Amino acid sequence: MRQALHIFKKDFRCFRYEICLMLAVTAVFVVLQVRKSFGTPYGPLNSWEAEMLMVIIAAVLIGRLILAEALPGDRQFWITRPYRWSSLLGAKLLFIAVFVNLPILLAHLFILILDGFPLVSSLPRLVWSQVLLFAVVLAPSAALAALCRNLASFILYAVVLAAIAFLLEARLWEVAWVMDGLAVVVVIAISAWVLCLQYKRRRTQLSRWSAIAGIALGGAAMIAMPWSFAFAVQSRLSKQPSLGAGVQVAFGPSPAISDWPTAKQPEGAVNVPITVQGIPEGTELRPDALVVSIEGSGGSSTKVNPFSCAPVTRHSQPVGLVLRAVCRADPDFVKNHGDGLVTLRGSIYLTLFGNSKSTTIPLSDAPINTSDGLQCYTDTVHAEWDVFCRSPFRWPGRLVYAKLGRTDANSFEQTISYSPFPAELNLNPIETRWASSYASGPPPNVPDVTIVVKEPLAHLRRDFEAHGIRLSAFMLPAMRVGVPPTELPIH
Amino acid sequence: MTDMLRAIDLVKRFRHVRVLDGLNLTVPEGSVFGLAGPNGAGKTTTVKILMNILRPTSGHAVVMGIDSEALGPDAFAKIGYVSENQEMPEWMTVEYLLGYLKPFYPSWDDARAEQLVRQFDLPLDRQLRHLSRGMRMKAALASSLAYRPRLLIMDEPFSGLDPLVREDLIDGLLESAGETTILISSHDLGEIESFASHIGYLDRGRLQFSEEMTSLTARFREVEVVLDSPPLVPLDRPWPAHWLRPETAPALVRFVETHFDPERTPDEIRRLFGDVRNISAHPMPLRAIFVTLAREQPKAA
């Protein structure tokens, strides 16, 4: 421990100017973020630009820190000195925690305080966000630097890895956290392995190859992981799993003219209607994803993955709740089987929301704390009666509505993550969303707004199957050639 | 005398190049061992394997009784290492470097450090990046001698230094020679000759010989034979294997005797050449010995 502190002090002296720069940019970030919160013009720098600067300075600082006692190579003076590997590694990680993690933690803390978020309830999120930052970004950066000979190669490989991470980013937001969780485990495991191997043995080639193998295996696992697995994990975390026992789904009814989307659809687009019945009283059902496969009479088939079945819209009809999705199937398959009879199979992933909580707050452009860590306000200066809510470290995994006067509840952007973790990885600690404005008619001229929050109670998967479907009846206008949709028997 | 360093059948390959080819080397405790050899002979590779900077392809080395691959902080606290191409922490001042290293070494001797600073005339407040090459070597040596290491390994320490700096470095080394075993790899034979007690000659990854300096200089002689008449044997016949670089003139024969014996060598000459007018045997400087060996390597072994 004494040796670790001794090395730490040396590094502090060596990098004192870089530390000052890091602290200065972090302070600027806080100021810009708070000014943004209070609607002050940003000046020469936006807070995201300060974020980028923070990232660059932190990366350079970590790179230079590790390379001060570089591990690859055979000319470094320190490798024949009595350094204990655990002390050296401990000193480097302590430095990163103190001069990168801590300033960011303090910056976030200041932002939370100045923005008026309740500190006690925000504390777990704050701590978790820092744990994530250290384990998923800072320590892996140190591991990468431990494999590099110089700063230039470190920065080059950091950019390459950032690009790979961007490409592997999960796209199905609701359950992306399962894939992300796997990625986090892989990143932590690789980083820990590389750091221990490099500092203990300086086996650079072995470390590099094992890191590459780990990234390749982790990436392949992420790509190969079926969405059904992610949803299965999600459903195991249901708060009230039995709540959805009575929910049933069936394919149909076939779309009426008014059901067709107005926008021109790509070739192969098929309208998939699903009727849902048995929704428990007092709950709200929300479709998360839809997977569809269509089998032609000749045995050929095509599968449509969840990314290609969006958006799923909801329509209350006498038969129950009807969900309609526009699925982009293989255009050739649709063209070839348009007039034939097909079998359609699908799985739909649903979430039941309930335990509704309402908080009524005065309409004001000063943010006011509501429930679930949310702060809400209106922007009466720039957009009349628009309602904004913001949340520290992540948007809550809840449905959030704003009800203004006697209007229907306006939904906030509802791409929500059901992640059970309290924070997401983000340098900007505040996520702000906007509820659709009061677009028509005069301003409601009401003194307050009600924020409604519903929590997810059960995650369900329901499978459906329909035989003898004439696909042309569900093909969307881009492919239709004057054939009006007709009601077809559903089996 | 026990062995401070031992290399056993060391082989090191870099891709397809076999830099060390079964090297066997022993450095006795308390010796000042000069590891000589031409450029590319494998001296630096040997030193780096001994210091656990490189791993051998096969074979192993033992340093202070520890396998070189197992050398750790406890062993390094007793070993000094100075190399011509070592990357030093350039931002540190000399004073900060010494102060920084002090806690790493339980045997650090402040008085010795101060003495070395004075002896080498080191500017304490100057950053290493602003020191001349000679001064940097002095700083590196001072930081390696201040804890009175049991073993000091130096890789080409005199390369590119002016004579005054060399003298200073050698003086510093000589003061430690009693308590510290020193291994110096160098192709600067003149410097090694002045203070090495043992010498090893490395060429093409193999140790061609290794022995005490006194024994080496005693057995090598440049012999000049003045003949009375033409020799009894034709000069193009095979010479004794321990006679190197023969040169002949009508009544003169000159060669290097690698196993000189004041009694046996003249007898051997007379047996081959008959009566000779004069035999003179001149001691050879180390440089001349190595030039001879380098040119006639197979015979020397």
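Residues numbered from 1 in each chain as written. Chains lettered and ligands numbered in written order. Predicted model: local features only at pLDDT ≥ 70, side-chain atom pairs only at ≥ 80, totals over all residues. Heavy atoms only, no water.

Enquirer: I keep staring at the overall build of chain A and nothing clicks. Help me out?
Expert: A tally of regular secondary structure across chain A gives 10 helices and 14 strands. For chain A, the residues scored as buried account for 50% of the 491 residues in total. Excluding contacts between residues fewer than 6 apart, the proportion of contacts in chain A whose partners are at least 24 apart in sequence is 76%. (Helix = DSSP H or I, 4+ residues; strand = E, 2+ residues; numbered from the N terminus. Buried < 20%, exposed > 50% of the residue type's maximum accessible area, 1.4 Å probe, protein only. Contact = heavy atoms within 4.5 Å.)

Enquirer: Help me understand the environment of B:Gly160 in this model?
Expert: As for its placement among the helices and strands, B:Gly160 is situated in the loop between β7 (151-155) and α6 (163-176). C-alpha of B:Gly160 to C-alpha of B:Val63: the two residues are 97 residues apart in sequence and 29 Å apart in space.

Enquirer: Is there a simple way to think about the interface of chain A and chain B in this case?
Expert: The extent of an interface is frequently quoted as the accessible surface area lost upon association of the parts. At the interface, 21 residues of chain A touch 30 residues of chain B. Where chain A packs against chain B, one counts two salt bridges. Its salt-bridge partner being A:Asp74, residue B:Lys48 comes within 3.3 Å of it at the nearest N-O pair. On inspection of chain A and its partner chain B, the count reaches 10 residue pairs in polar contact (both at pLDDT 80 or more). A total of seven residues in the side of chain A that touches chain B trace back to one element, the largest contributor, which is helix α1 (residues 2-14) of chain A. When its residues are assigned to classes, the side of chain A that touches chain B shows six nonpolar, four polar and 11 charged. (Salt bridge = Lys/Arg side-chain N within 4 Å of Asp/Glu carboxyl O. Polar contact = N/O pair within 3.5 Å; in protein donor to acceptor, adjacent residues only side chain to side chain. Nonpolar A, V, L, I, M, F, W, Y, C, P; charged D, E, K, R; others polar.)

Enquirer: Would you mind going over the pattern of salt bridges with me for this structure?
Expert: Residue and element names in this part refer to chain A. Here the structure, examined in full by the defined rule, presents 34 salt bridges over all chains. In this structure, Asp-288 engages Arg-286 in a salt bridge whose closest nitrogen and oxygen atoms are separated by 3.2 Å. Taking the relative accessible area as the measure of exposure, Asp-288 reaches 10% and is therefore buried. Residues joined in a network through salt bridges with shared partners are Lys-10, Asp-11, Glu-69 and Lys-92.

Enquirer: Hey, could you run me through the sheet that holds strand β10 (residues 387-392) of chain A in this one?
Expert: As a general point, the strands of a sheet are linked pairwise by backbone hydrogen bonds and lie either parallel or antiparallel. Residues and elements named next belong to chain A. Pairing in this open sheet of four strands is antiparallel, and the strands run β8-β9-β10-β13 from one edge to the other. Bordering the open sheet on either side are β8 (368-369) and β13 (430-435), each of which pairs with just one other strand. Where β10 lies against β13, six bridges are found, and the strand directions are antiparallel. Looking at β13, one finds that Arg-390 is bridged to Thr-432. (Pairing = 2+ DSSP bridges.)

Enquirer: Looking at this structure, I do not really get the packing of aromatic side chains. What am I missing?
Expert: Note on aromatic pairs: each is described by the distance of the centres and the angle between the planes. All names here are of chain B. A complete count under the given rule lists 25 aromatic pairs over all chains for this structure. Between Phe-158 and Phe-195, the aromatic rings sit 6.3 Å apart at their centres with planes inclined by 85°, giving edge-to-face as the arrangement. Residue Phe-158 is found in the loop between β7 and α6, and its partner Phe-195 is found in helix α7 (residues 189-195); the two are separated by 37 residues along the sequence. What makes Phe-158 buried here is its relative accessible area of 1%. (Phe/Tyr/Trp six-rings, centres within 6.5 Å; stacked < 30°, edge-to-face > 60°.)

Enquirer: Help me out: how do you make sense of the sheet that holds strand β12 (residues 243-249) of chain B in this one?
Expert: Residues and elements named next belong to chain B. The sheet built from four strands is open, its strands ordered β12-β13-β11-β14 with antiparallel pairing. Two strands close off the open sheet at either side, each with one partner strand: β12 and β14 (276-283). Taken over all neighbouring pairs, the strand axes of this sheet differ in orientation by 15° on average, direction set aside. Pairing between strand β11 (residues 221-227) and strand β13 (residues 252-257): six bridges, direction antiparallel. Within β13, the residue paired with Glu-224 across the bridge is Arg-254. Those strands touched by helix α9 (residues 264-273) are β11, β12, β13 and β14, and its axis lies near 140° from that of β14. Contacts between helix α10 (residues 286-295) and the sheet are confined to β12 and β13, with β12 contributing the most and set at about 95° to the helix. (Axes fitted to C-alpha atoms, helices over the stretch in contact; angles between N-to-C directions.)

Enquirer: Is there a simple way to explain the packing of helix α4 (residues 110-120) of chain B against helix α5 (residues 133-145) of chain B in this structure?
Expert: Each pair of packed helices can be summarised by the angle the axes make with each other and by the distance between the axes. Residues and elements named next belong to chain B. At their nearest, the axes of α4 and α5 sit 9 Å apart, and the two run at 160° to each other. The angle between the axes of α4 and α5 places the two elements in the roughly antiparallel class. For the pair α4 and α5, the sense of crossing is right-handed. Across from Arg-112, Leu-116 and Phe-120 in α4, the residues of α5 making contact are Met-135, Lys-138, Leu-141, Ala-142 and Leu-145. Across the contact of α4 with α5, the residue classes tally to six nonpolar, no polar and two charged. (Parallel < 35°, antiparallel > 145°, perpendicular 65-115°, else oblique. Left-handed = near helix turned anticlockwise from the far one by under 90°.)

Enquirer: Mind showing me how you'd approach unusual backbone geometry here?
Expert: Of note in this structure, A:Phe393 is not a glycine but carries a positive phi near 75°. Looking at where A:Phe393 falls in the secondary structure, it is placed in the loop between β10 and β11 (399-404). Note on A:Phe393: relative accessible area 4%, which makes it buried. Phi at B:Arg245 is positive, roughly 50°, even though this residue is not glycine. Within the secondary structure, B:Arg245 sits in strand β12.

Enquirer: Can you help me understand the side chain of A:Ser419 in this one?
Expert: Residue and element names in this part refer to chain A. Tracing the backbone through its elements, the reader meets Ser-419 in the loop between β12 (410-411) and β13. On the basis of relative accessibility, which here comes to 12%, the residue Ser-419 falls in the buried class. At a separation of 3.1 Å, a polar atom in the side chain of Ser-419 contacts the main-chain amide nitrogen of Phe-421. Beyond its immediate sequence surroundings of up to four residues, Ser-419 is in contact with Trp-177 and Arg-394.

Enquirer: Which parts of the structure should I look at to understand the packing of helix α7 (residues 176-201) of chain A against helix α8 (residues 204-224) of chain A?
Expert: All names here are of chain A. α8 packs onto α7 with a crossing angle of 175° between their chain directions and a minimal axis gap of 10 Å. When the interaxial angle is binned, α7 and α8 end up roughly antiparallel. Facing Met-179, Leu-182, Ala-183, Val-186, Ile-190, Trp-193, Val-194, Leu-197 and Gln-198 of α7, the residues of α8 in contact are Thr-204, Leu-206, Ser-207, Ser-210, Ala-211, Gly-214, Ile-215, Gly-218, Ala-221 and Met-222.

Enquirer: What is the right way to read the state of the cysteines from this model?
Expert: Joining two cysteines, a disulfide is a covalent bond between their sulfur atoms. All names here are of chain A. With the rule as written, the count across this model stands at one disulfide over all chains. At a sulfur-sulfur separation of 1.9 Å, the disulfide partner of Cys-376 is Cys-389. What sets the handedness of the Cys-376 and Cys-389 disulfide is the S-S torsion sign, and at about 100° it is right-handed. Residue Cys-376 is found in strand β9 (residues 375-378), and its partner Cys-389 is found in strand β10; the two are separated by 13 residues along the sequence. For the residue pair Cys-376 and Cys-389, the accessibility class agrees, reading buried in each case. Of all cysteine sulfurs, the one in Cys-14 lies closest to Cys-20, which takes part in no disulfide; the gap is 13 Å. The thiol of Cys-148 is unpaired, and the distance to the nearest cysteine sulfur, on Cys-196, comes to 18 Å. Residue classification places Cys-148 among the buried residues on the basis of a relative accessible area of 2%. (Disulfide = S-S within 2.5 Å.)

Enquirer: Is there a simple way to explain α5(B) in this structure?
Expert: One turn of the α-helix equals 3.6 residues, which is why residues spaced by three or four share an orientation. Residue and element names in this part refer to chain B. Taking 1.5 Å per residue as the helical rise, α5 with its 13 residues ought to reach 18 Å, and the 18 Å between its terminal C-alpha atoms agrees with that figure. Across the 13 residues of α5, 11 count as buried, placing the element largely inside the fold. Among all positions of α5, only Gly-134, Met-135, Met-137, Lys-138, Ala-139, Ala-140, Leu-141, Ala-142, Ser-143, Ser-144 and Leu-145 are buried. (Expected span 1.5 Å × (residues − 1).)

Enquirer: What's the story with α9(B) in this structure? I'm lost.
Expert: Residues and elements named next belong to chain B. When α9 is considered as a whole, its buried residues turn out to be Thr-265, Pro-266, Glu-268, Ile-269, Leu-272 and Phe-273. Axial view of α9: buried residues confined to an arc of 160°, hence all on one face. As for α9, its buried residues are in contact with β11, β12, β13 and β14. Where α9 ends, the next residue or the one after it, Gly-274, has phi of about 80°, a positive value. (Arc of directions from axis to C-beta.)

Enquirer: I'm lost on the pairing of strand β14 (residues 448-470) of chain A in this one. Help?
Expert: Consecutive side chains along a regular strand alternate between the two faces of the sheet. Taken together, the 19 bridges between strand β7 (residues 341-362) of chain A and β14(A) define a ladder with antiparallel strand orientation. Looking at the pairing, A:Thr360 lines up with A:Thr450 of β14(A).

Enquirer: Honestly, the environment of A:Ala289 in this entry has me stumped. Any pointers?
Expert: Among the secondary structure elements, A:Ala289 is positioned in strand β3 (residues 284-295). Each C-alpha atom of the pair A:Ala289 and A:Ala325 lies 9.6 Å from the other, and the pair is 36 residues apart in sequence.

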